[in-house]
Structures are given as C-alpha cells and as structure tokens.
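Coordinate analysis (summary)
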Protein chains: 2
Amino acid sequence: MENFKFYNPTKILFGKGTINNIGEEINNFGIKKIFLLAGSGSIKKNGVYDQTISSLKINNIEWVEFWGVQPNPILSHAREALEVLRKNNCEAILAVGGGSVIDEAKAICAGYYKNDIWDLFEDDRELTNALPLFVIQTLSATGSEMNSYSVLTNEFEKKKWAFGSRFTYPKVSIIDPEVQMTLPWRQTVNGGVDAISHVFENYFGGIDEESTLSINEALVRTIIKTIDELKLDEKNYKARANFAWSAALALSGLTSCSMRGGEWVVHRIEHGISALFPDVAHAEGLAVLFPAWIKYIYNYKPIIFKRWAQNIWNTDSIEDAINKFIQKLSEWNAPTKLEHLGVKENDIPDIAENAFMQGEIGNIKSINYDDMVNILRLAL
Amino acid sequence: MENFKFYNPTKILFGKGTINNIGEEINNFGIKKIFLLAGSGSIKKNGVYDQTISSLKINNIEWVEFWGVQPNPILSHAREALEVLRKNNCEAILAVGGGSVIDEAKAICAGYYKNDIWDLFEDDRELTNALPLFVIQTLSATGSEMNSYSVLTNEFEKKKWAFGSRFTYPKVSIIDPEVQMTLPWRQTVNGGVDAISHVFENYFGGIDEESTLSINEALVRTIIKTIDELKLDEKNYKARANFAWSAALALSGLTSCSMRGGEWVVHRIEHGISALFPDVAHAEGLAVLFPAWIKYIYNYKPIIFKRWAQNIWNTDSIEDAINKFIQKLSEWNAPTKLEHLGVKENDIPDIAENAFMQGEIGNIKSINYDDMVNILRLAL
C-alpha cells in the first residue's frame, strides 16, 4: 500500500430543506456581503433561488448576483465576475448551481489573490489564499461540491485545464437531492457517468489496496443501481439521494487514497474533445472514451481489470465486462461512439494534439500522442 | 434517506516514514511549544519516540513530556496533565499512542477552556474552543485519530462516558502502519473487533441507504479479510495498512451518514463492564456483547439483519450469520462469553445498573435496564 495524504475539510449539509440553512452557515464565518454566482436561471424555476435569498435575508447578509456561467465555464466570464466582485467588496462567494458554477467560483476565489485567474491553471504553486466559498449544489455529477478542483476553459487559447489547492475546498456545501427531481434525463445520466468515471480514474491506479478498492467498488455499484432506479422513476427520492451522496464521495479524496494518483487519461482526452467541441457535455465524452481506453490498456495491468470485471460486472472476462459497460451506457441512452458526439475520424488528430498539449499522462502506461490517437480510433 | 451532516477536517498522513513529518506539520500552525502526551513507554521500544523527538528538534519545537496514560484513561491523570500543561504554557498537544492517549488528549485540549475536565462529559454544549491537537497513532482500533470523540473514565464516580465536539478533531494525524508490526496478537484482534463494532453500531441504524450501507459492508469485509491475513503473518504490511485505513474510516463520520445516529447499545453496555472491571479491554467486552445484542434485537428490524447476514456472512439466515460471527471471533482468539472476561452471572445487575445510569438507548428498540440484563444474560 502506497503512502498517501487525506484532507477534506468541507462541511456537508445533506437532505431535504437544507438550503434554508445557508444564511446561518455564512453567518458563522462572520461574512456580511456575499457574491452569488449562478448559471442560466434554472434555479429561479425550481425554487432554489427563492430559498437561498430568503435565508440570506433572514440572516442579514447582503448579496451581489452574477449570472451566466456556462456548462463548460470560460475564462472571460470568470474574469468579469471577479471584477464585479472586487468593485462590490464582496467577502466570499456563494456558488448556486452545478459543477460548472462551483468550478468557476473556485477559480474566482483563488484568482482574487493572483494577477490573473489563468495564472492558477498554468502554475498554482504560489497560491497562498482564496476567498471563502459556500456552495448550494443543484446537480450531482462533478463532485466539485466536495473537493478543491476547478476546470476552466481558456477560450482564447482553446485550453480546458484543471487546478486545485488546499485553499479551494468549499467551507460548506449544501446538497438537497430534492431539487434534482426535475432534471432532464440526459443530465441525470451525465451526472452518473461523470461520477463513475471519477471513481474509475482512481480505481485503476490500484492493485490490491483492499480498503480503497472495495470502497470504490461499493460506490460504483451504488451509482449504477441508483441510475437504473431513476430510469424507472425519476422522482425516486431515495435513489436521487443515494446517488447524490455517492457522486459527492466519488471525487472527495476518499477514492484516491493509495491509488498512485490514479490514471486520468480519459479525462485528459475528453478535455481535448470538449475544448474543440464545446457543445459536447464532459460526461458524454467520458462515456464514449472510457470503454475505448480500457480496451486499449487492460493487457498492461490485467490484475486490476480482472478485479473490476468480477466485482463490478460479475464476469471473469474483461472483454465481457467492457461490453456490459457499453451496454449499460446504451440502456441509459448515453452516447457510446464518437459519431454520437458529432466527432468524425478526421477530427481525431486535432483532438489528440489538444489533449497532448500538457504532455504524456497515465501510470499503467505513459500515454503519448500516438496512444491518444489509437484510443480515439477505438471509440469510432 | 434521512438528512445528515458530514464534517471531518482532520488531515491524515498515512504510510511508512510519515512520523518524520510531525514537526513540519506543527510548524505550519505556528506552534512553538507542545505538550507530548504518551502511555506506558512502548513508543520508546518501537522507535516512535525517537522519530518524533528528532522531527520536533529539526523544526525547533519545544516540548514537555507527560507519561502514564492508562489503557482505559482516567480523569485524575487527565487533570494532572492539564495542570502541567498550563504550568508550562504549552500551546497544543501531541498525542503519541493508541486510542486511550488520543482520547485523554482531546479531553485535556477541550478541558483547557472549562472549569474542570469532567464538565465536558456531563454537558458539552457550551464548549467554544479547544487547544489544537496533533496525533501520532500507534494502534489502529478506536478511530480516535480521525474523529472528535473522547471516552474517559471518572474513576471516582465509576462513570465511563464519552463526549465529542467540532473543536476536538485532530488537526493532523499520522498513521504509520509499520509501527504496528510488533503488536501482541491480542491487541491486533482487539483493534479489529473495535473497528468492526464501530461500523456495526452505525450500520444497524440503516434500512436501505445503499450508499452508506455498501461502504460500511466494504469496510467490514476488508477488516475481516486483513485480520485473517495478519493471523497468518503478523508482519504483512499490506494487511496492516489496509486494516489501519479501514479502522480509521470506521468511526470517521463516513459510516454514520444517514444512519439515524446508529444504535450504540453494545458500546453503552460494554462501558458498564469496563467501568466495573477496568482490566477488561473495551474490545473484549464488545466481542462478547455484540452477538448477544444481535440475537436479542434482530426480530425488531429483520430487513437490516438479513442484509447483514447476506453481505457480510454470505448466508440468508440471521441465526447462521450470528454463529459465523462468533466463530470468526473464536478463530481470532477473542473472548465470546462473559466468563472469558471474568464476569459472573451475579455481576450482571451491577453492570446493567452502571450502563443504565445515562438512561435508555437505541433506535431499533429503546433498551431499558431489563433489556440490558437480558442482553448480558445472552452473553453468559
């Protein structure tokens, strides 16, 4: 078992009606004026906005609203937001939304202490502080509500990159699964695929670390089971809630303990896709790429893929397990081929080039440009 | 799924050689003088003391040593320690040892802000602060390295009680499983039983919370598997490490999410035993009582005990699962009857009376004095 660090100071309030506590939680930090960051306005339809504002008012917290975070959040919007935040002397950020809102909020919180936000993504080593971040999460997928990571797209340089720091864990995150009851099916599935991918990216870094591997298997089995249940009844609160908690834990640090940093090849190549095809949802790219990567890599470390086949897919055959994985994605109406994303064979070199901008990646086998091309070809 | 809170800010450094980092970690908090609390001296034999002191010296941290914490830590010793700490103006505590040292350290850290340490255990509601706590853990069992709880015995009133507060999470805990390679078998088994009991006390509070229940099952299966492996080879690092991490997680808050507070009946009755029979190790009392409690209670909530039988013991019969549980404890040479602890039938009323001092307990069925007597009788 490899040495590791575990640290996750985010306080989670989980369950029905918990949004009403946000004002009190912010008050506990002595914060009087907050920057409320949000997306396109869905929170005005599902009651989240009203509950949030009501709790802020009761606790005498002033707020400044800033809307328009995109599904793949972009640098220019984050820069604008930071300017407004500074102008209004806000002391902290309240992110109300899904992973993109939370990710952009983290970039702003940390960017507050840098010359420019993008400096964080090119080199985060000198970060020494960040504004406090509070979260009301409305979509279970990225796990951003319970980790320190932020993914942002620099649309000028076509870079979709990530950073993380011990300063960018949310102080408090509220997860009320009830507000997800009315999500379109596509978003529910994308959340499921994203969460499963986070566990898998860590899992395959392991060999026989029984403690972490068995927790990871438990999480994935729960996610598959609950997405199956939601396919039958999207208003099943029990399934929503169990999924929401598993998705939060999937990238909380718990799944990466002793996993040698995990693999993250699929995420990297996917960022190449969604940097060039901004309409492709991150999870849809992951759905297409994950089985292709496993096909390409499993012979380099059969022990872990054999265990994966047995404990997730109930089969001794890795090939059989890959097929079951693809079949499950199809059942959920997730895309399983590049063509489903509108990506063609002759786009592959550009995608690989974009993904390779940050160099080789992966521990099982270091994945270079040619490997990326080959993996993308397996996804045709 | 019931609403819940999750919060655990303890930073964990896990693995070989990590004790060398303690000075740097303390330095990060700007602490210049620390109170080093320890037990009977085993840390001088296994090299832990030398590594600790060396790291403190390198980082120019002064320390004051205080020895003699007992396996069931007692109030008078904690009071003495606090007096010495005050006299020497120490800014924080470094607990070096197992659960008893860590528990007593928490009581001192929080007691620093009270008139008397025992006030914490009678009523912890008014606690507003605690001294920072750092931990070098040498025995995986209680999970105290990764939670806020402290159990202390008031030997004057024969009360073995617990308290916990958001201020008493260790800032940093170091878990180096290598220092546990030379533990006597009895202590390894007691650690395993203690950790399993922590998961079970939470687990049986559930019904069908797939996320938490499946993580709890994964933890218990890992603990059983690794203790079995250690029975074959006590120097198996992989098994020591996987066990150590599972035991830390067992009472970290992760296992209690949405579990309605768990049950904790067995812990309460056990505290009655070890308050009156101080030579009985906590885990030995738990080993004897847990199967007895399950026999007594399972018909009140068969759904969860059926799941437990299937997913932990691979059987559909709850009675069969209880027998397998007892058989496993016997294989490990753990006690399975009250007589193995030196407790006789006519001691039962006194034990039940002591355990009932804090009133009824339990959610499946509220357990009163008579129930406690009946459970103890099933353990004869």
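About the criteria used
- Residues numbered from 1 in each chain as written.
- Chains lettered and ligands numbered in written order.
- Predicted model: local features only at pLDDT ≥ 70, side-chain atom pairs only at ≥ 80, totals over all residues.
- Axes fitted to C-alpha atoms, helices over the stretch in contact; angles between N-to-C directions.
- Helix = DSSP H or I, 4+ residues; strand = E, 2+ residues; numbered from the N terminus.
- Parallel < 35°, antiparallel > 145°, perpendicular 65-115°, else oblique.
- Left-handed = near helix turned anticlockwise from the far one by under 90°.
- Contact = placed C-beta atoms within 7 Å.
- Nonpolar A, V, L, I, M, F, W, Y, C, P; charged D, E, K, R; others polar.
- Pairing = 2+ DSSP bridges.

A separate point is the packing of helix α11 (residues 282–297) of chain B against helix α15 (residues 369–378) of chain B. Residues and elements named next belong to chain B. The interhelical angle for the contact between α11 and α15, taken along N-to-C directions, is 120°, at an axis separation of 8 Å. When the axes of α11 and α15 are compared, the pair comes out oblique. Here α11 runs over α15; the crossing is right-handed. Along its contact with α11, which presents Leu-289, Ala-292, Trp-293, Lys-295 and Tyr-296, the element α15 presents Asn-374, Ile-375 and Leu-378. For the contact of α11 with α15, the class distribution of residues is six nonpolar, one polar and one charged.

Pairing between the strands of a sheet comes from backbone hydrogen bonds, and it takes one of two forms, parallel or antiparallel. Pairing in this open sheet of seven strands is mixed, and the strands run β4(A)-β3(A)-β5(A)-β6(A)-β9(A)-β2(A)-β1(B) from one edge to the other. A single partner strand is all that each edge strand has here, and the edge strands are β4 (62–66) of chain A together with β1 (4–6) of chain B. Each neighbouring strand pair of the sheet contributes to a mean axis angle of 15°, computed without reference to strand direction. Inspection of the sheet shows strand β5 (residues 92–97) of chain A paired to strand β6 (residues 133–137) of chain A by five bridges, in the parallel sense. Looking at β6 of chain A, one finds that Val-96 of chain A is bridged to Ile-136 of chain A.

Taken residue by residue, the interface counts 33 residues in chain A and 33 residues in chain B. Looking at the side of chain A that touches chain B, the elements with two or more residues in it are β1 (4–6), β2 (11–14), α8 (210–232) and α9 (237–250) of chain A. Residue contributions to the side of chain A that touches chain B peak at ten residues, all from α8 of chain A. Among the residues forming the side of chain A that touches chain B, the class breakdown is 13 nonpolar, nine polar and eleven charged. Where β1 of chain A and strand β2 (residues 11–14) of chain B come together, three bridges link them in antiparallel fashion. Within the sheet, the bridge partner assigned to Phe-4 of chain A lies in β2 of chain B and is Phe-14 of chain B.

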